[in-house]
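# Coordinates in review
What follows is each chain in one-letter form.
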Amino acid sequence: MPPVPLAAPPPTIVHQRVLDNGLRVLVQPVHTAPLVSGWAWYHVGSKDEGPGRTGVSHWVEHMNFKGSARIPRDEMKTLVEKFGGTWNGYTWIDQTAYFETASRDALDRLLFLEAERMGGCTYDPLDCASERTVIISELQGSENDPEQLLDVELTATAFRAHPYRHPTIGWLTDLQTLTRDDLYGHYRAHYTPGNAHLVIVGDVDLDVAFRAADRHFGGLAGAAPGRRVTTVEPPQHGERRVRIEKPGTASYLKVAWPCPAIGDPAFFALVVADAVLTGAKGLNLWASFRLPPPQRKARLYRALVDGGLASAVSGAILPTEHPFLYSVSATVSEGVAPERVEETLLAEVERLRRDGVEPGELERAKRQLRARLVFETDSLTNVAHQLGYYSTIASLDTYFSLESRIAAVTEADVAAAIEHRFKSSQRTVGWFRPVEGA
């Protein structure tokens, strides 16, 4: 099948081809620097894990850096570094991804590496055992982080039925009992060409890139994608609360409300509402690790931080395949009664729900979001990430329409999106309260 240009605003043109085995290959030539970024995306994350198997997707990601039939374990990482490149991978609720960004001469080796990762990883039992220790240590480390622990407990409280309630790293007892065969079975079930997207962005020739993708991946056997999650979270009929008490130095508050999936138009109105409340952050999970500076005109910053009640406040809203959560977090300032922070935060949210946005807030939020959308595609790695992320959980058309859909949000859209979701009966409130003890 010849490559088919997809609809996109010029000068961005992404070319797509589907190999006979079902692998979708996206190529965007960018000749601003002699570099190339390659990402392999798998449509499997922690929401695709059954009872007793939580954490298996993340553990499989770890194992896929442990060597393959044709790449010794020690070379899995150095292969990229020989070309002066960087590499990494991550697992989240909807997807698992791996990337390498290096000099353009490395393209063939990068694709060889990812093809091996898709079809040839070996899962040595000794490596499985050692990674169990590593991942359990990672889990215990996160449990010692009050904000991470609060996030896990709050999410598990907000969801009753949907597997989004499970932490991506998994529950401890599952990590203690998963076997090498469980890991390998999960790998073989989900790491198939038809469940993957390969994204190549950089200083490449279009035909050369497609031929290289076909040469490395075309021989891998296709398979039907596994069963998709069909569980729908039942309606919430009242406020839910969770309170954690552990040794610590500060109190943390986190409040979450239901958030639409990326395919729901209301998602974009809620993105604008978040920008009004906590400041614009963009829609790139990978770039979100680089926190933007505090946006001092955001309502909750003025109410909580300028008001001396909290040392930090932030919001979190990200595109997901199924309805997830929108959350606001605050760190209580020393000497402040935590109840005052909750009362003030909820009062500001209710004021937005009751009175709507103020003059100038809507346009400022949109202007800041446009800037974030530009900032979060400031590198080949980020461009390739966005193409793969959205094509895996939604579509490329969704990605290319982000700016226009945000620009189209009206005051009425924001009011409609938050009217039901921001009611007290729909929220989940979580507290971390420090107590004395070892």
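Residues numbered from 1 in each chain as written. Predicted model: local features only at pLDDT ≥ 70, side-chain atom pairs only at ≥ 80, totals over all residues. Heavy atoms only, no water.

This part covers the packing of aromatic side chains. The final tally for this structure, using the stated rule, is 28 aromatic pairs. Each ring, one from Trp 39 and one from Trp 286, has its centre 5.6 Å from the other, and the planes form 90°; the classification is edge-to-face. Of this pair, Trp 39 sits in strand 4 (residues 35-42) while Trp 286 is found in the loop between helix 9 (266-278) and helix 10 (299-305), placing the two residues 247 residues apart along the sequence. Accessibility assignment for this pair places Trp 39 and Trp 286 in one class, buried. When the ring of Trp 257 is compared with that of Phe 422, the centres are 4.9 Å apart and the planes differ by 45°; the resulting orientation is tilted. Pair noted here: Trp 257 is in strand 9 (residues 252-259) and Phe 422 is in the loop between helix 16 (411-421) and strand 12 (428-435), with a separation of 165 residues, a long-range link. Like Phe 422, Trp 257 is buried. Ring-pair connections join several aromatic residues into one group, and the members of that group are Trp 39, Trp 41, Tyr 90, Phe 99, Trp 286, Tyr 389, Tyr 390, Tyr 399 and Phe 400. The positively charged end of Arg 117 is found above the aromatic ring belonging to Phe 65, 4.6 Å away from the centroid. Here Arg 180 stacks its cationic end above the ring of Tyr 184, 4.7 Å away from the centre of that ring. (Phe/Tyr/Trp six-rings, centres within 6.5 Å; stacked < 30°, edge-to-face > 60°. Helix = DSSP H or I, 4+ residues; strand = E, 2+ residues; numbered from the N terminus. Buried < 20%, exposed > 50% of the residue type's maximum accessible area, 1.4 Å probe, protein only. Lys NZ or Arg CZ within 6 Å of the ring centre and 35° of its normal.)

What follows concerns the nonpolar core. Formed by 84 residues in total, the largest nonpolar core has its most connected members in Trp 39, Tyr 90, Trp 257, Leu 304, Tyr 326, Leu 345 and Leu 387. Of the residues forming this core, the biggest block, 11 residues, is contributed by helix 9. (Core = buried A, V, L, I, M, F, W, Y, C linked by side-chain atoms within 4.5 Å.)

For the rest of this paragraph, the subject is the environment of Gly 119. Here Gly 119 is to be found in helix 3 (residues 107-119). For Gly 119, a relative accessible area of 38% corresponds to the partly exposed category. Considering only alpha carbons, one finds Gly 119 and His 322, 203 residues apart in sequence, at a separation of 28 Å. Among residues more than four places away in sequence, those in contact with Gly 119 are Tyr 187, Arg 188 and Leu 220. (Contact = heavy atoms within 4.5 Å.)

Taken in spatial order, the 5 strands of this open sheet run 8-12-9-11-10, and their pairing is mixed. The open sheet has two free edges, formed respectively by strand 8 (240-247) and strand 10 (310-316), since each of these has just one partner strand. Ignoring which end each strand starts from, the neighbouring axes of this sheet average 15° apart. Sheet analysis places strand 10 next to strand 11 (residues 324-332), joined by 6 bridges and oriented antiparallel. Its bridge partner being in strand 11, Ala 312 is matched across the sheet by Thr 331. Against the sheet, helix 9 makes contact with strand 9, strand 10 and strand 11, and its axis sits at roughly 5° relative to strand 11, the strand it touches most. (Pairing = 2+ DSSP bridges. Axes fitted to C-alpha atoms, helices over the stretch in contact; angles between N-to-C directions.)

All right, on to the pattern of salt bridges then. Taken as a whole, this structure holds 28 salt bridges when the rule is applied. For Arg 354, the salt bridge is made with Asp 355, and the minimal N-O distance between the two is 3.0 Å. One network of salt bridges, with partners in common, ties together Arg 299, Arg 302, Glu 348, Arg 351, Glu 358 and Glu 361. (Salt bridge = Lys/Arg side-chain N within 4 Å of Asp/Glu carboxyl O.)

What follows covers the pairing of strand 5 (residues 86-91). Two elements, strand 5 and strand 6 (residues 96-103), share 6 bridges in a ladder whose sense is antiparallel. The residue bridging Gly 89 from the neighbouring strand is Tyr 98, located in strand 6. Where strand 5 folds back on strand 6, the antiparallel hairpin that results is connected by 4 residues.

Along its 18 residues, helix 11 (residues 338-355) runs 26 Å from first to last C-alpha, staying within 8% of the 26 Å computed at 1.5 Å per residue. Gly 356 sits one or two positions beyond helix 11 and adopts a positive phi of about 80°. (Expected span 1.5 Å × (residues − 1).)

On to the pairing of strand 2 (residues 15-18), then. With 4 bridges joining them, strand 2 and strand 3 (residues 24-29) adopt antiparallel strand pairing. Its bridge partner being in strand 3, Gln 16 is matched across the sheet by Leu 26. Remark: 5 residues form the turn of the hairpin made by strand 2 and strand 3, two consecutive strands paired antiparallel; Gly 22 in that turn has positive phi of roughly 100°.

Let us now look at the packing of helix 9 against helix 12 (residues 361-375). Between two packed helices, what matters for the description is the angle formed by their axes and the separation of those axes. Packing of helix 9 against helix 12 brings their axes to within 9 Å, and their N-to-C directions diverge by 100°. Between helix 9 and helix 12, the interaxial angle falls into the category roughly perpendicular. Facing helix 9, whose interface residues are Val 271, Val 272, Ala 275 and Val 276, helix 12 presents Glu 361, Leu 362, Ala 365 and Leu 369. Grouping the amino acids of the contact of helix 9 with helix 12 by side-chain chemistry returns 7 nonpolar, no polar and 1 charged. (Parallel < 35°, antiparallel > 145°, perpendicular 65-115°, else oblique. Nonpolar A, V, L, I, M, F, W, Y, C, P; charged D, E, K, R; others polar.)

The next subject is the packing of helix 9 against helix 16. Between helix 9 and helix 16, the least distance of the axes is 8 Å, while the angle of their chain directions is 90°. Taken together, helix 9 and helix 16 sit at an angle that is classed as roughly perpendicular. Taken together, the residues of helix 16 that come into contact with helix 9 (itself represented by Ala 266, Ala 269, Leu 270, Val 272 and Ala 273) are Asp 413, Val 414, Ala 417, Ile 418 and Arg 421. Classifying every residue of the contact of helix 9 with helix 16 by side-chain character gives 8 nonpolar, no polar and 2 charged.

Positive phi, close to 55°, is recorded for Tyr 123, a residue that is not glycine. With respect to the helices and strands, Tyr 123 occurs in the loop between helix 3 and helix 4 (125-143). For Tyr 123, a relative accessible area of 2% corresponds to the buried category.

Per-residue confidence for the chain gives a mean pLDDT of 94, with 96% of residues at or over 70. Note that residues 1-10 has pLDDT below 50 and, in this model, 19 contacts with residues that lie over four places away or in other chains. (pLDDT = per-residue confidence, 0-100.)

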